[in-house]
Amino acid sequence: MRTPLYEQHVHLGAKVVDFAGWEMPVQYEGIREEHSAVRRHAGMFDVSHMGEVEVEGPGALAFLQRVLSNDVAKIQIGGAQYSCLCNEEGGVIDDLFAYRLGGDRYLVVTNAANHDADLEWLGRQSREFDAIVRDVADRYAMLAVQGPHARTVLEATLGIELPPRFHVSHPQIGRRPALTCGTGYTGEDGVELLLDPEVAVPIWCELLEAGIVPCGLGARDTLRLEVCYPLHGNELSTERNPIEAGLGWCCKEATGFIGSEAVARARAEGTAEELVAFKIDGQGIPREGNPVMRGDEQVGAVTSGTYAPSLELGAGMAYVRSELAEVGAEVEIDVRGKRRPARIASKPLYAKRS
Amino acid sequence: MPDATYPDDLRYHEEHDWARIEGDQATLGITWYAQDSLGEVVFFDPPEVGSAIQKDSSYAEVESVKAVSDVIAPLSGEIVEVNDVLQDSPEKVNEDPYGEGWLVKVRLTSPEEAETLLGVEEYRKLLDN
């Protein structure tokens, strides 16, 4: 599948890769340049492969409260909230943002690889509620514009006022209804624009003209990894619960969401493993799947690893035995047979300079 | 990054490596195509001086932000020198893949293997396919 911006990526010389069935740009000029553009100025990512699901009806709140881990009743109109979508065992089907567009109307944004599974799950669970679940992925192109200057450049270029962090507004962009969301996946300030696919190309070109740097999925991954945002499929899966992933903060078991009993148990009893961040001491770049070692014993495995451009060293996240999950603990990462000394570090690995 | 170049005084291996053969020694590196496919090199893990490398087998790794790639030996030999500059400036592999971005120097143990390597025209043809 291709997003409405595919031709633009090719035109800019992007390297295109398959991502969950989508032909997506992984980089244009280079991951390091794109990464640093977002940290220092402003970058934009075509994330139109992400899915959108609308939930509407008198029972919309009760339904979302049942399926999402966070306290959905706390979302004001125009608000946004991060949640896990759990199965009965507390396994994470997906992690997502829910936006409250109106009194009884919500939008949830799904990961591309999970969109179909999410839809199926939401459709099935909605039967006992007075709420309609609608797949609206085709209605939107999605652009994440991120970086310390993202807001000012966007406001000047599009002539609109942007919502504060974790809020959503619906201005006209390109003379079409759009949604602007104060969210992102980079650790920098910025917004995500949900646009009418018809105007995605002209808006992209306008922002390009305004000096916003096009960024691919490569930089998106290094940026999110430095601030320790989990990625479903790496840190999150149906085999892991939110507690071991460090997402206990977005689980409100008192709401009785599906999986809340399992989550409450994990919270009370602790988990065998925990997700940690680590930095390599010296040389070497950890990669997904590398064993985490202590002496001759494997004590965990890397879920995401990379060269971290802002830290200028190898770093990543790993599940390790809970008794070792302490900041400062020394371990070794087995990088294709070479032991690389590493240290468990506090999250996030990269803290924005204010 | 410079445009694609393939010097005609080098011998090429189909795994996108080059060799500059001088007597019984050779300098080895990766081609423009290899560095371009890999992206910005952030780490070169060299073999030890004195170790033996085997034609068609991996002797080192180069890594970009996203990927790791084995470097295949175009010829067999013994490592006599590794490019220390790359420890601090691995980006030289991208900027100057046939010059400052060389990887290792070897003493050839089977110089006749050079016959099996590709000339520049053959290598370009391989890339075109």
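Here the structure is a predicted model, which means the values were calculated and not measured.

A. Fine view of the overall build of chain B. Tallying secondary structure elements over chain B gives four helices and nine strands in all. Secondary structure of chain B in N-to-C order comes out as β-β-β-α-β-β-β-β-β-α-α-β-α. Its C-alpha radius of gyration of 13 Å places chain B within 12% of the 14 Å reference for a compact globule of 129 residues. Reported as C-alpha extents along the three principal axes, the dimensions of chain B are approximately 35 × 35 × 20 Å.

B. Here's a closer look at the domain arrangement of chain A. Under the domain assignment, chain A is made up of domain 1 (6–48 + 140–226), domain 2 (51–136) and domain 3 (272–345). The gap between the C-alpha centroids of domain 2 of chain A and domain 3 of chain A is 34 Å.

C. How the structure looks around the interface of chain A and chain B. Counting residues at the interface gives twelve residues for chain A and eight residues for chain B. Counting residues per element, the ones that place at least two in the side of chain A that touches chain B are helix 2 (31–40), helix 7 (217–226) and strand 18 (297–308) of chain A. Counted by class, the side of chain A that touches chain B contains four nonpolar, six polar and two charged residues.

D. The arrangement of the confidence of the model for chain B in detail. On average, residues of chain B carry a pLDDT of 95, and 98% of them reach 70 or more. The ipTM value of the predicted complex is 0.85, and its pTM value is 0.94.

E. Structural view of the sheet that holds strand 19 (residues 313–321) of chain A. Residues and elements named next belong to chain A. Judged by pairing direction, the barrel is antiparallel, and its six strands sit side by side in the order 16-19-18-17-20-21 before closing back on the first. Here the strands of the sheet are splayed against their neighbours by 45 degrees on average, with no regard to which way each runs. In the sheet, strand 17 (residues 291–294) pairs with strand 20 (residues 330–335) via two bridges, with the strands oriented antiparallel. Bridging across to strand 20, Met 293 finds its partner in Glu 332.

F. Structural context of the sheet that holds strand 6 (residues 58–64) of chain B. All names here are of chain B. Spatial strand order, 4-6-7: three strands in an open sheet with antiparallel pairing. Edge positions in the open sheet fall to strand 4 (41–45) and strand 7 (68–72), since each of these has one partner strand only. In this sheet, neighbouring strand axes are inclined to one another by 25 degrees on average, regardless of whether the strands run parallel or antiparallel. In terms of strand pairing, strand 6 meets strand 7 through five bridges, oriented antiparallel. Residue pairing in the sheet places Glu 61 in a bridge with Asp 70 of strand 7.

G. Quick look at the packing of helix 2 of chain A against helix 7 of chain A. All names here are of chain A. Their axes nearest at 8 Å, the elements helix 2 and helix 7 cross at an angle of 55 degrees. Accordingly, the angle class assigned to the pair helix 2 and helix 7 is oblique. For the crossing formed where helix 2 meets helix 7, the hand is right-handed. Together, Ile 31, Glu 34, His 35 and Val 38 of helix 2 and Gly 218, Ala 219, Thr 222 and Leu 223 of helix 7 make up the contact between the two elements. Residues that form the contact of helix 2 with helix 7 fall into these classes: four nonpolar, three polar and one charged.

H. Representation of the environment of Tyr6(A) in the model. All names here are of chain A. With respect to the helices and strands, the residue Tyr 6 is situated in helix 1 (residues 6–11). Here Tyr 6 falls in the partly exposed class, since 19 other C-beta atoms lie within 10 Å of it. For Tyr 6 and Ala 345, which are 339 residues apart along the polypeptide, the C-alpha to C-alpha distance reads 38 Å.

I. Expanded view of unusual backbone geometry. All names here are of chain A. That bond from Lys 347 to Pro 348 is cis: its omega, -5 degrees, falls within 30 degrees of zero. For Pro 348, the position within the fold is in the segment after strand 21 (338–345). If you check the backbone angles, Ala 20 has positive phi at about 50 degrees while not being a glycine. Position of Ala 20 among the secondary structure elements: in the loop between strand 1 (15–19) and strand 2 (22–27). We note that Glu 312 has phi near 60 degrees; this positive angle belongs to a residue other than glycine.

Cut-offs used in this document
- Residues numbered from 1 in each chain as written.
- Chains lettered and ligands numbered in written order.
- Predicted model: local features only at pLDDT ≥ 70, side-chain atom pairs only at ≥ 80, totals over all residues.
- Helix = DSSP H or I, 4+ residues; strand = E, 2+ residues; numbered from the N terminus.
- Rg over C-alpha atoms; globule rule 2.2 N^0.38 Å.
- Domains from an automatic or database assignment.
- Contact = placed C-beta atoms within 7 Å.
- Nonpolar A, V, L, I, M, F, W, Y, C, P; charged D, E, K, R; others polar.
- pLDDT = per-residue confidence, 0-100.
- Pairing = 2+ DSSP bridges.
- Axes fitted to C-alpha atoms, helices over the stretch in contact; angles between N-to-C directions.
- Parallel < 35°, antiparallel > 145°, perpendicular 65-115°, else oblique.
- Left-handed = near helix turned anticlockwise from the far one by under 90°.
- Buried ≥ 20, exposed ≤ 12 C-beta atoms within 10 Å, placed from the backbone.

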